[in-house]
Amino acid sequence: MKKGTPSATIRLKRNRHKPVHRRHPWIFSGSIKEVEGTPQNGDVVDVVDVGNNWLARGYWNRNSQIRVRLLTWQEEEPIDATFWRRRLERANAGRSTLAHDPETTAYRIVHAESDYAPGLIVDRYGDWIVVQFLTLGAEVWRDEIVSALEAQFSPKGIYERSDVDVREKEGLEPRTGVLLGERPPERVKVIENGHPFLVDLREGQKTGFYLDQRENRARLPTLCEGAEVLDAFSYTGAFSVYAAAGGATSLTLVDSSAPALRLAEENLALNGVDGSRFETVEGDVFSVLRTYRAEERRFDAIVVDPPKLARSRREVDQAARAYKDVNLLAFQLLRPGGKLLTTSCSGGVSADLFQKIIFGAALDAECKAQIVGRLAQGADHPIALTFPEGAYLKGLLVRVVEQL
């Protein structure tokens, strides 16, 4: 059978077709009535309703609770190399402003389901492309996708960072390495909003840099003139670079990773920040902030940007307690009039729940506070209206009015 030709028909249970009509890209195992044929994991399949009316086409994986990830709702559209090339071209066209902006050379090109390419992440770092194949269905088309990326971008190299936990749910092992061209060097220099950064594409978090925070970082300089700033979960120092550009008088970067802090020091130096203006502190952020509270240290602005604390719905309650704890500490460390920029990248923690968590933290810290800004992922991480699950990053910019 030709690759991409539907190998089976998936018939849905009665009244389970509505999400498909609404173009939600996931079909869970509980929605399926029967399977006609014997699809192999990764095969393309057709989806019909209980009355045998054609609905959509996607790829199949029995190993996942999401049995089918939908690719097209047009019956005449085949899934082949041309399909993937068109998807990539369309996604790239949506980033045309960034593609022609010399002040920003690092951004996301393909954002999985929200770019109608389930399981595929593509990020650009100057002359380098980094990809993640998060699902078996995307991995089946690896060669075609890499060829299309080479044709569109002519990069120095395409590097794979499919070393994420979600692949285990798809029955896949983690994979990293060169897919095309040269291996990226230990440090790749990129520019974001005019600020240069060194990025570790081979070992860094995500694909090397938190590209989704670009627009949120740009809000920081207006808060930092003459300020003492605490950057909690600082990673490689991107928020601190922006704070320094805004006139911060001192920067304290706290992270548990010594290599990340070393790279943060390099990034601050690269941006002309004198070593006397900052300190890096290796340690557990929660413990360090408790120590600062005991020492009665105070700051004018604090950034709280932790890694994902809830990887599944089962972990949301535990994550909520952790978010409250660290933000409570932040409120206690802020001077009256101080600003808190706080975020969550846990998809299971909704924006509404996150606001309630921050409210609870401010209440327990006995301070009056105001929301003066709402934060979200950048425009290169779009959210398909049919896929609200794509809205994973949320945050608040909060001003402390009074400490009670």
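Structure: see above.
As a starting point, this report considers the structure included with it. (Residues numbered from 1 in each chain as written. Predicted model: local features only at pLDDT ≥ 70, side-chain atom pairs only at ≥ 80, totals over all residues. Heavy atoms only, no water.)

## Concerning a positive patch on the surface
Side chains of Lys13, Arg14, Arg16 and Lys33 sit close together on the surface and give a patch of like positive charge. Along the polypeptide, Arg16 turns up in the loop between strand E1 (8-12) and helix H1 (18-21). We classify Arg16 as partly exposed; its relative accessible area is 36%. (Patch = residues over 30% accessible without salt bridge, like charges linked within 9 Å, V, L, I, M, F, W, Y side chains within 5 Å. Areas by Shrake-Rupley, 256 points an atom, 1.4 Å probe, with all protein chains shown as cover. Salt bridge = Lys/Arg side-chain N within 4 Å of Asp/Glu carboxyl O. Lys, Arg positive; Asp, Glu negative; His and termini not counted. Charge placed at Lys NZ, Arg CZ, Asp CG, Glu CD. Helix = DSSP H or I, 4+ residues; strand = E, 2+ residues; numbered from the N terminus. Buried < 20%, exposed > 50% of the residue type's maximum accessible area, 1.4 Å probe, protein only.)

## Some words on unusual backbone geometry
A positive phi angle, close to 75°, is found at Asn52, a residue other than glycine. Structurally, Asn52 can be placed in the loop between strand E4 (44-48) and strand E5 (54-60). Even without glycine at this site, Ser154 takes up a positive phi of about 45°.

## Some thoughts on the packing of aromatic side chains
One pass over the full model with this rule turns up nine aromatic pairs. On the basis of an interplanar angle of 50° and a centroid distance of 5.2 Å, the ring pair of Phe197 and Phe209 is categorised as tilted. Here Phe197 is found in strand E13 (residues 195-199), whereas its partner Phe209 is found in the loop between E13 and helix H7 (214-217), with twelve residues between them in sequence. Across the pair, exposure class does not vary: Phe197 and Phe209 are buried alike. Seen from their ring centres, Tyr323 and Phe354 are 5.8 Å apart, and the 85° between their planes marks the pair as edge-to-face. Taken together, the residues Tyr323 in helix H11 (residues 316-333) and Phe354 in helix H12 (residues 351-364) connect sequence positions 31 residues apart. The residues Tyr323 and Phe354 share a single accessibility class, namely buried. An aromatic cluster is present here, built from Trp26, Phe28 and Phe387 joined pairwise through their rings. Sitting over the face of the ring of Trp141, Lys3 holds its NZ or CZ atom 4.6 Å from the ring centroid. The side chain of Arg297 reaches across the aromatic face of Tyr292, ending 4.4 Å from its centre. (Phe/Tyr/Trp six-rings, centres within 6.5 Å; stacked < 30°, edge-to-face > 60°. Lys NZ or Arg CZ within 6 Å of the ring centre and 35° of its normal.)

## Quick word on the pattern of salt bridges
According to the stated counting rule, one finds 28 salt bridges in the structure shown. We note a salt bridge from Arg187 to Glu266, for which the minimum N-O separation is 3.2 Å. Of this pair, Arg187 sits in the loop between strand E11 (175-181) and strand E12 (188-192) while Glu266 sits in helix H9 (residues 258-270), placing them 79 residues apart in sequence. Looking at Arg187, the relative accessible area reads 26%, which means it is partly exposed.

## Considering the side chain of Asn216
Within the secondary structure, Asn216 sits in helix H7. Owing to a relative accessible area of 4%, Asn216 belongs among the buried residues under this scheme.

## Considerations on the pairing of E1
Most of E1 is tucked away, with four of its five residues classed as buried. In this structure, E1 lies alongside strand E3 (residues 32-37), joined through five bridges in antiparallel fashion. In the strand pairing of E3, Arg11 is matched with Glu34. Bridge analysis of E1 against E4 gives three bridges, and the strand direction is parallel. Following the sheet pairing, Ile10 is matched in E4 by Val47. (Pairing = 2+ DSSP bridges.)

## Quick word on the sheet that holds strand E18 (residues 334-344)
Within the open sheet, the seven strands sit side by side as E16-E15-E14-E17-E18-E20-E19. Their pairing is mixed. Each of the sheet's edge strands pairs with one partner strand only, and the pair in question is strand E16 (278-282) and strand E19 (367-376). Neighbour-to-neighbour, the strand axes of this sheet turn through a mean angle of 15°, independent of strand direction. Both strand E14 (residues 228-232) and strand E15 (residues 250-255) contribute to a ladder of five bridges, which runs parallel. Bridge pairing in E15 places Glu228 opposite Ser250. Most of the contacts of helix H8 (residues 238-245) go to E15, to which it runs at about 175°, and overall it touches E14, E15, strand E17 (299-304) and E18. (Axes fitted to C-alpha atoms, helices over the stretch in contact; angles between N-to-C directions. Contact = heavy atoms within 4.5 Å.)

## What to know about helix H2 (residues 81-93)
Because each turn of an α-helix spans 3.6 residues, side chains separated by three or four positions end up pointing in the same direction. With 13 residues, H2 should reach 18 Å at 1.5 Å per residue; the first-to-last C-alpha distance of 18 Å fits that figure. Turning to H2, its buried residues number three or more, namely Phe83, Trp84, Arg87, Leu88, Ala91 and Asn92. The arc that holds every buried residue of H2, seen down its axis, measures 165°, which confines them to one face. Facing away from the buried surface of H2 by more than 90 degrees, the exposed residues are Arg86 and Ala93. On its buried face, H2 sits against strand E6 (66-72), helix H3 (96-99), strand E7 (106-111), strand E8 (120-125) and helix H5 (142-153). Its side-chain oxygen at 3.1 Å from the backbone nitrogen of Thr82, Asp80 defines the N-terminal cap of H2. (Expected span 1.5 Å × (residues − 1). Arc of directions from axis to C-beta. Polar contact = N/O pair within 3.5 Å; in protein donor to acceptor, adjacent residues only side chain to side chain.)

## Focus: the state of the cysteines
What the rule picks out here adds up to zero disulfides. Counting only cysteine sulfurs, Cys367 is the nearest neighbor of Cys224, a cysteine outside any disulfide, at a range of 18 Å. (Disulfide = S-S within 2.5 Å.)

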